[in-house]
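# Structural characterization, general
Here's the letter readout for the chains.
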Amino acid sequence: MKITSSYGVELRKQNIPIRQTLDVYRSAVSYLVEIYAQVWEGLEGILEAKKRFNEAEHLIHTTKKNQARFDFDIRFPKMPSYLRRAAIQHALGSVSSYKTRLGLWEKTGQRESKPKLVYENHAMPVFYRDVMYREDKEGKDAAYLKLYDGHDWKWFHVRLRHTDMEYLRKNWSGKKASAPTLEKRHRKYFLRFSYTEDVILTKAPVEEQIICGVDLGINTDAVCTIMRLDGTVLGRKFIDFPSEKDRMYRVLGRIRRFQREHGSAQAKSRWAYAKRLNIELGRKIAGAVTKYAKENHADIIVFEYLETKGKISGKKKQKLHLWRKRDIQKRCEHQVHRNGIRVSRICAWNTSRLAYDGTGTVARDPKNHSLCVFQTGKRYNCDLSASYNIGARYFIRELLKPLPVTERSLLEAKVPAVKSRTSCVYADLRKLSSEMNLRAA
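Residues numbered from 1 in each chain as written. Predicted model: local features only at pLDDT ≥ 70, side-chain atom pairs only at ≥ 80, totals over all residues. Heavy atoms only, no water.

Across its full length, the chain holds 13 helices and 14 strands. Taking 2.2 N^0.38 as the reference for a compact globule, 441 residues should give roughly 22 Å; the C-alpha atoms of the chain span a radius of gyration of 28 Å, well beyond that estimate. With the C-alpha coordinates of the chain rotated into their principal frame, the extents come out at 85 × 60 × 55 Å. Pairs at least 24 residues apart make up 64% of the contacts formed inside the chain by residues separated by at least 6 positions. Here the chain displays about 25500 Å² of accessible surface, and carbon together with sulfur accounts for 49% of that area. Put simply, the chain has 86 plus and 49 minus side-chain charges, and the middle of one group is 4 Å from the middle of the other. (Helix = DSSP H or I, 4+ residues; strand = E, 2+ residues; numbered from the N terminus. Rg over C-alpha atoms; globule rule 2.2 N^0.38 Å. Contact = heavy atoms within 4.5 Å. Areas by Shrake-Rupley, 256 points an atom, 1.4 Å probe, with all protein chains shown as cover. Lys, Arg positive; Asp, Glu negative; His and termini not counted. Charge placed at Lys NZ, Arg CZ, Asp CG, Glu CD.)

Below you can see the structure in the form of structure tokens.
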């Protein structure tokens, strides 16, 4: 499996013409979009991507054997060839996307607003190695970039952030990086490097698998349970970052008070800060889940398939809107794949509502929503019970899926609860495992 990872290295503040280079590149892309929109009928007939690109370049670039139809070379003199080709590729993609959306709009009866071809774009240039980007001496936190200073394209020496370079040297030394792309975030410029790895994911049979069932929550960030096929629990962990959440909730409180006095229009920077805190919280949760699964040699991480559609209401409305459940799962999936661990998802219905011991629905504690009361009167952590059920549902699915219909029917007659996957709990896995062991004996 190929896995692509990226990392942004900050460009230190210095007198280099990044803004001028960006303006020239975006102007070139806008000009090319306008040209290719005019001649798209001729380019559209060329199905092979490479031939289409070559024809598009011949339209705007003059060589010894080719006379260009348009004055791109006069408008943008001495533009590096690789940067020109990157602009051509971006412009072709923009026009192709517009034509596709326009065709879909016409087919659907023109019920929605007509798509527009955007000329003003936010394209970012790619600094191809040797011709646009050169590394400095080994161990130096610097590089050379070819930039436009307003008159000509020249090489400029740029300093890179030391901590970012130390991270790359520590974690990605010896691995080939792709050409860096310029990126702007929070009024700062970065060079984003991409790395591609070939990773072999675990292929352990279900009988030998160790899984990590993860219940993502709002009160407790994540609850992890390490489990085997027969229901043996090898480990449990509550992952929570109370100080980070407290800091974010205090910022949200200050935003509410500020908006009462000054209105919401002037609170954009405050909301941006709260968003960055929330993103960082998601990174920490994903990293903690990955670390725990790796320490316990898990083969699979099992998540719930969380889908919250419709209008959210109630006193926890804001917390639900800020809950980065998909982002956490996505980050965690990328990290565990790099370690050879697979990811699986199960239906989230009733994982928290049903007790893990099979005694039925639970009643949430009104004062502490993390706790619940079983029908037997036992008080238990609701998220921990849900993590047991998540792991159990994965194993029940993997046990029953490869069986013939007749054998599966016999097991379902012995353990009726496994017929409906949305009502399966941890106790049902124990019963099913016992029945399968008896039949095997």
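Additional details are given in the paragraphs that follow.
Moving on to the nonpolar core. Residues Tyr36, Ile60, Leu182 and Leu191 are the most contacted members of the largest nonpolar core, which totals 58 residues. Where this core is concerned, the elements lending two or more residues are α1 (18-38), α2 (40-44), α3 (49-60), α5 (81-107), β3 (142-148), β4 (153-159), α6 (162-171) and β6 (188-198). Counting residues per element, this core draws most heavily on α1, at eleven residues. Once you skip the residues sitting within four places of it in the chain, Leu191 turns out to touch Tyr7, Gly8, Val9, Leu11, Phe127, Tyr133, Leu145, Leu160, Pro180, Thr181 and Leu182. (Core = buried A, V, L, I, M, F, W, Y, C linked by side-chain atoms within 4.5 Å. Buried < 20%, exposed > 50% of the residue type's maximum accessible area, 1.4 Å probe, protein only.)

All right, on to the pairing of strand β10 (residues 300-305) then. Walk down a regular strand and you will see the side chains alternate between the two sheet faces. In terms of residue burial, β10 counts as a mostly covered element, since five of its six residues are buried. Summarising the sheet, strand β7 (residues 211-216) and β10 pair through three bridges and their orientation is parallel. Note that in β10 the partner of Gly213 across the bridge is Val302. Where β10 lies against strand β11 (residues 342-347), six bridges are found, and the strand directions are parallel. Bridge pairing in β11 places Tyr305 opposite Cys347. (Pairing = 2+ DSSP bridges.)

Before going further, it helps to spend a moment on unusual backbone geometry. The phi dihedral of Asp130 is positive, around 75°, even though this residue is not glycine. Relative to the helices and strands, Asp130 resides in the loop between α5 and β2 (133-135). Residue Arg187 is not a glycine yet carries a positive backbone phi of 65°. Note on placement: Arg187 falls in the loop between β5 (181-185) and β6.

This brings us to the sheet that holds β4. One open sheet holds the three strands; their spatial order is β2-β3-β4, and the pairing between them is antiparallel. Only two strands of the sheet have a single neighbouring strand rather than two, namely β2 and β4. Across this sheet, the average inter-strand angle for adjacent strands is 25°, counted without regard to direction. As defined by bridge partners, β3 adjoins β4 across seven bridges and the pair is classed as antiparallel. Pairing of Ala143 across the sheet is with Val158, part of β4. (Axes fitted to C-alpha atoms, helices over the stretch in contact; angles between N-to-C directions.)

Looking now at the sheet that holds β11. What the five strands build is an open sheet, ordered β9-β8-β7-β10-β11; its pairing is mixed. Where the open sheet ends on each side, the last strands, each with one partner, are β9 (233-239) and β11. Averaged over neighbouring strand pairs, the angle between their axes works out to 25° when direction is ignored. Of the strands in this sheet, β7, β10 and β11 are in contact with helix α10 (residues 325-338), which crosses β11 at around 145°.

Let's shift gears to the environment of His90. With respect to the secondary-structure elements, His90 resides in helix α5. The spacing of His90 and Val33 is 57 residues in sequence and 8.5 Å in space, taken between C-alpha atoms. Once residues within four sequence positions are removed from consideration, His90 is found in contact with Tyr25, Val29 and Ala123.

This next bit is on α5. End to end, α5 covers 39 Å across 27 residues, agreeing with the expected 39 Å (1.5 Å per residue, within 8%). Within the span of α5, buried status applies to Leu83, Arg84, Ala86, Ala87, Ile88, Ala91, Leu92, Val95, Tyr98, Leu102 and Trp105. Turning to α5, the residues buried within the fold contact α1, α2, α3, α4 (72-75) and β4. Where α5 ends, the next residue or the one after it, Gly109, has phi of about 90°, a positive value. (Expected span 1.5 Å × (residues − 1).)

The next subject is the environment of Arg185. With respect to the secondary-structure elements, Arg185 resides in strand β5. The exposure class assigned to Arg185 is partly exposed, which follows from its relative accessible area of 28%. As for Arg185 and Glu10, which are separated by 175 residues in sequence, their C-alpha atoms are 9.6 Å apart. In this structure, Arg185 is in contact with Phe190 and Arg192, ignoring residues within four places of it in sequence. At 2.8 Å, the side chain of Arg185 and the side chain of Glu183 are in polar contact. (Polar contact = N/O pair within 3.5 Å; in protein donor to acceptor, adjacent residues only side chain to side chain.)

With that out of the way, let us pick up the pattern of salt bridges. A complete count under the given rule lists 28 salt bridges for this structure. The salt bridge involving Asp152 is made with Lys78; its shortest N-O contact spans 3.9 Å. A residue pair is termed long-range when its members are at least 10 positions apart, and Asp152 in the loop between β3 and β4 and Lys78 in the loop between α4 and α5 qualify at 74 residues. The exposure class assigned to Asp152 is partly exposed, which follows from its relative accessible area of 24%. Each of Glu10, Arg12 and Arg161 takes part in salt bridges that share partners, so that together they form one network. (Salt bridge = Lys/Arg side-chain N within 4 Å of Asp/Glu carboxyl O.)

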